[in-house]
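Residue strings, one per chain:
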Amino acid sequence: MTFFKDYPNEIIVSSIVLVIVVILRVISNKLVRQFAKTSHKIEYRTNLVTKYIHLLINILALIALFIIWGVQQKDIIWAVSSMATVVGVAMFAQWSILSNITAGVILFFSFPFKIGDTIKIHDKDFPIIGEIEDIAAFHIVLKTIEGEEVVYPNNLLFQKGISILHNPHDDKEFTD
């Protein structure tokens, strides 16, 4: 019981932070779902973006709790910079993973194509025309006219020109 007598302010402020975290998570969840519903995004992508936002909120709350409980600012900065260094070195070879995740979030909020659209990726070495079957965290899946399934990394979509084809079969002749 001495714990509650010794740290009443820290307990109250920590409780407030935890309530704010819950409120922020609920609000962000509703906002992302509302955006997804109005822009006709799929549920899997909505859940993925929600998880990223919740992770950011949790990290910020953890830092706030460290400050509330008296962890020195220089210790927090030292710990965060050490973790960032380790993660940076470990992920240096895997930078494409981070860029694909970031590109996946950007695709969710801003790109004009969706599942079912037919797109043309303007790559001089390997041009692709296909229908989008799935948009995942790291890649999109395209199905070509020939029936080939192509997995294309999200970060490359930002490096190549893309055309959305409204009806790709208009100029094709089909025979029985």
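Residues numbered from 1 in each chain as written. Predicted model: local features only at pLDDT ≥ 70, side-chain atom pairs only at ≥ 80, totals over all residues. Heavy atoms only, no water.

This part covers the nonpolar core. Membership of the largest hydrophobic core is limited to 12 residues, which are Leu107, Phe113, Ile119, Ile121, Ile128, Ile132, Ile135, Ile140, Leu142, Val150, Tyr152 and Leu157. Of all the secondary-structure elements, those providing two or more residues to this core are strand S1 (118-122), strand S2 (128-135), strand S3 (139-144) and strand S4 (149-153). It is S2 that provides the largest number of residues to this core, a total of 3 residues. In terms of nonpolar packing, the next biggest core, distinct from the first, is built from 5 residues, Val17, Val21, Ala61 and Leu65 among them. (Core = buried A, V, L, I, M, F, W, Y, C linked by side-chain atoms within 4.5 Å. Buried < 20%, exposed > 50% of the residue type's maximum accessible area, 1.4 Å probe, protein only. Helix = DSSP H or I, 4+ residues; strand = E, 2+ residues; numbered from the N terminus.)

Attention now goes to the layout of surface pockets. Considering only enclosed or pocket space, the largest pocket measures out at about 200 Å³ in volume. Considering the residues around the largest pocket, the lining is formed by Leu56, Ile59, Leu60, Leu62, Ile63, Phe66, Val80, Met83 and Ala84. Mapped by element, the contributors of at least two residues to the lining of the largest pocket are helix H3 (43-68) and helix H4 (73-91). Considering each element in turn, the lining of the largest pocket owes the most residues, 6 residues, to H3. Considering only residue class, the lining of the largest pocket consists of 9 nonpolar, no polar and no charged. (1 Å grid on protein atoms, 1.4 Å probe; cavity = no way out; pocket = protein on both sides within 12 Å on 5 of 7 lines; lining within 4 Å. Points joined across faces, edges and corners; volume = space filled by probe spheres on them. Nonpolar A, V, L, I, M, F, W, Y, C, P; charged D, E, K, R; others polar.)

A few words on the sheet that holds S2. Strand order in this open sheet of 5 strands is S4-S3-S2-S1-S5, and the pairing throughout is antiparallel. Each edge of the open sheet carries a strand with a single partner, namely S4 and strand S5 (161-165). Taking each pair of neighbouring strands and ignoring which way they run, the sheet shows an average axis angle of 40 degrees. With 4 bridges joining them, S1 and S2 adopt antiparallel strand pairing. Its bridge partner being in S2, Lys120 is matched across the sheet by Ile129. (Pairing = 2+ DSSP bridges. Axes fitted to C-alpha atoms, helices over the stretch in contact; angles between N-to-C directions.)

Moving on, we come to helix H2 (residues 8-38). Structurally, the α-helix is built with 3.6 residues per turn, so residues lying three or four positions apart point the same way. The first and last C-alpha atoms of H2 sit 45 Å apart over 31 residues, in line with the 45 Å expected at 1.5 Å per residue. Residues of H2 that are buried: Ser14, Val17, Val21, Ser28, Val32 and Ala36. (Expected span 1.5 Å × (residues − 1).)

Moving on: the packing of aromatic side chains. In the structure shown here, the tally under the stated rule is 1 aromatic pair. With a centroid separation of 5.6 Å and an interplanar angle of 55 degrees, the aromatic rings of Tyr7 and Trp69 are classed as tilted. Of this pair, Tyr7 sits in the loop between helix H1 (2-6) and H2 while Trp69 sits in the loop between H3 and H4, and the two are 62 residues apart along the sequence. (Phe/Tyr/Trp six-rings, centres within 6.5 Å; stacked < 30°, edge-to-face > 60°.)

Honestly, it's all geometry; don't read function into it.
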